[in-house]
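# Topology and contacts: notes
What follows is the residue order along each chain.
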Amino acid sequence: MPYTENKTYRPPFFLFNRHLETIYPALFRKVKITKPKRERLELADGDFLDLDWYKKESKKLVIINHGLEGSSDRAYVLGIVKIFLDNKWDALAWNFRGCSGEMNRLPRFYHSGETGDLNNVILHAGKTYDTIFLVGFSLGGNMMLKYLGEFSDNLPRQICGASTFSVPIQLYDSCLEIMKPHNVLYQKRFLNNLKKKALEKNKMFPDAFDIERVMQASTIMEFDDSLTAPVHGFAGAEDYYKKNSSLQFLNKISVPTLLINAKNDPMLSENCYPVELSKNHEFLFFEKWNYGGHVGFSTNSAHYKSEEKAMDFAENLINEQ
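I will try to describe carefully the structure that is included in this document. (Residues numbered from 1 in each chain as written. Predicted model: local features only at pLDDT ≥ 70, side-chain atom pairs only at ≥ 80, totals over all residues. Heavy atoms only, no water.)

## A short note on the overall build of the protein chain
When helices and strands are tallied, the protein chain shows eleven helices and nine strands. The globule rule puts the C-alpha radius of gyration for 321 residues at 20 Å, and the 19 Å found for the protein chain is close to it. Viewed in the frame of its principal axes, the protein chain has a C-alpha envelope of about 55 × 45 × 40 Å. Counting over 321 residues, the protein chain shows a buried share of 61%. Considering only intrachain contacts with a sequence separation of at least 6, the fraction spanning at least 24 residues in the protein chain is 77%. Within the structure as shown, the protein chain displays about 14,100 Å² of accessible surface, and the carbon and sulfur contribution to it stands at 51%. (Helix = DSSP H or I, 4+ residues; strand = E, 2+ residues; numbered from the N terminus. Rg over C-alpha atoms; globule rule 2.2 N^0.38 Å. Buried < 20%, exposed > 50% of the residue type's maximum accessible area, 1.4 Å probe, protein only. Contact = heavy atoms within 4.5 Å. Areas by Shrake-Rupley, 256 points an atom, 1.4 Å probe, with all protein chains shown as cover.)

This is the structure we're talking about:
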């Protein structure tokens, strides 16, 4: 599939730098949509996932992965829900473990390469659908791309394709990027949220990790080294990043997949733009946009440009079948 450098999209005039493009939609965008029906999916290990359903009685379903410390009610998730509902698809926005407003039951949390939970959601949701399309953002996009490569020989037959946005496909380098001074506000916000959850989890499982070391973490990498890695069975942060970066799984993807990363994304490293790989890939379509920030892609209309691209990509795949 072709590689494209998109120079036509431009954000609204008042979003004149990458940080405004990133922050404005996260803080101020409101998406009006009907209240979902929540379902609790019980897992074989004794834990649970909370799923938010939006139904039009369709045979087509979009499943949406949120990003780091996101949830099913974030505006960028609801924007995808709305455009697919408007086009007569059903939608499912699911919450990673500990992200639905209620702490999960086990010592573990979620992480960027947890493809088992995503597979469980797809298998559960796909029982009554003929077509499934996947959409992932940031950390959730990395999880989704890893899943498509990792499960390429055993994908549910209904999956027709996927769209992902603002994805740190090389986790270690992207973590270094987040740790740079110009990203201090993002890192601080992530750490504050993660540490609150760590304190709550520590009350449930005092011996699961070293809470003092976790609370002393001043970077995302230090947090991952003290909690994410040991709790999920990795030797340390670098081992966790190495084994879960989706970049190494892209060559195995076997369904049409769109990846869009903005050149001005403040959180992505140079290795997150797989230009050469996509030029020789049968199924990966990579677009590098000049603008968009991190999970931005704002417009002056009801639907953001990322949502229009995901919808168009999905509908084109359906029409080609």
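## Things to note about the nonpolar core
With 65 residues, the main nonpolar core has Ile63, Trp94 and Leu134 as its most contacted residues. Tyr76, Ala93, Val295 and Ala310 belong to the second-largest nonpolar core, a separate cluster that totals 35 residues. (Core = buried A, V, L, I, M, F, W, Y, C linked by side-chain atoms within 4.5 Å.)

## Remarks on the pattern of salt bridges
For the structure on display, the rule yields 19 salt bridges. Between Glu114 and Arg108 there is a salt bridge; the shortest N-O distance is 3.1 Å. A single burial state applies to Glu114 and to Arg108, both of which are buried. For Lys305, the salt bridge goes to Glu308, with nearest N and O atoms at 3.1 Å. Here Lys305 pairs with Glu308, and both are found in helix α11 (residues 305-320), just three residues apart, close to one helical turn. (Salt bridge = Lys/Arg side-chain N within 4 Å of Asp/Glu carboxyl O.)

## Describing helix α2 (residues 75-86)
Along its twelve residues, α2 runs 16 Å from first to last C-alpha, staying within 8% of the 16 Å computed at 1.5 Å per residue. Extensive coverage of α2 is indicated by the burial of ten of its twelve residues. Turning to α2, its buried residues number three or more, namely Ala75, Tyr76, Val77, Leu78, Gly79, Ile80, Val81, Ile83, Phe84 and Leu85. Contacts from the buried residues of α2 go to α1 (18-28), β3 (48-54), β4 (60-65), β5 (90-94), β6 (131-137) and α11. Immediately beyond the C-terminal end of α2, within one or two residues, lies Lys88, with a positive phi of roughly 70°. (Expected span 1.5 Å × (residues − 1).)

## A closer look at the packing of aromatic side chains
Across all of its chains, the model carries 21 aromatic pairs by this definition. Consider the rings of Tyr9 and Phe297, whose centres lie 6.5 Å apart with planes at 50°: the pair is tilted. Placement of Tyr9 in the loop between β1 (4-6) and α1 and of Phe297 in the loop between β9 (284-289) and α11 is noted, with a sequence separation of 288 residues between them. Both residues of the pair, Tyr9 and Phe297, belong to the buried class. (Phe/Tyr/Trp six-rings, centres within 6.5 Å; stacked < 30°, edge-to-face > 60°.)

## Some words on the layout of surface pockets
A volume near 710 Å³ is recorded for the largest pocket. Lining the largest pocket are 32 residues, with Thr22, Ala26, Arg74, Tyr76 and Arg189 positioned closest to its centre. Elements with a minimum of two residues in the lining of the largest pocket: α1, α2, α6 (184-204) and α11. Class assignment for the residues of the lining of the largest pocket results in 17 nonpolar, eight polar and seven charged. Of the pockets and cavities examined, the second largest pocket occupies roughly 180 Å³. What lines the second largest pocket is simply Lys37, Glu39, Trp53, Lys55, His124, Ala125, Lys127, Thr128 and Tyr129. Broken down by secondary-structure element, the contributors of at least two residues to the lining of the second largest pocket are β2 (37-42) and α3 (115-125). (1 Å grid on protein atoms, 1.4 Å probe; cavity = no way out; pocket = protein on both sides within 12 Å on 5 of 7 lines; lining within 4 Å. Points joined across faces, edges and corners; volume = space filled by probe spheres on them. Nonpolar A, V, L, I, M, F, W, Y, C, P; charged D, E, K, R; others polar.)

## Things to note about empty space enclosed by the protein
Summed over the entire model, instances satisfying the criterion amount to one cavity of 30 Å³ or more. Estimated volume of the largest cavity: approximately 410 Å³. Secondary structure elements with two or more residues in the lining of the largest cavity: α4 (138-150), α5 (171-178), α6, α8 (220-231) and α9 (237-244). When grouped by side-chain class, the residues that make up the lining of the largest cavity number 16 nonpolar, eight polar and three charged.

## A short note on unusual backbone geometry
The backbone of Glu69 sits at a positive phi, close to 55°, despite the residue not being glycine. Looking at the secondary structure, you find Glu69 in the loop between β4 and α2. Positive phi is not limited to glycine here, since Lys88 has a value of about 70°. Take Lys88: its relative accessible area is 64%, and that puts it in the exposed class.

It is worth stressing that arrangement in space is one thing and function is another; only the former is reported here.
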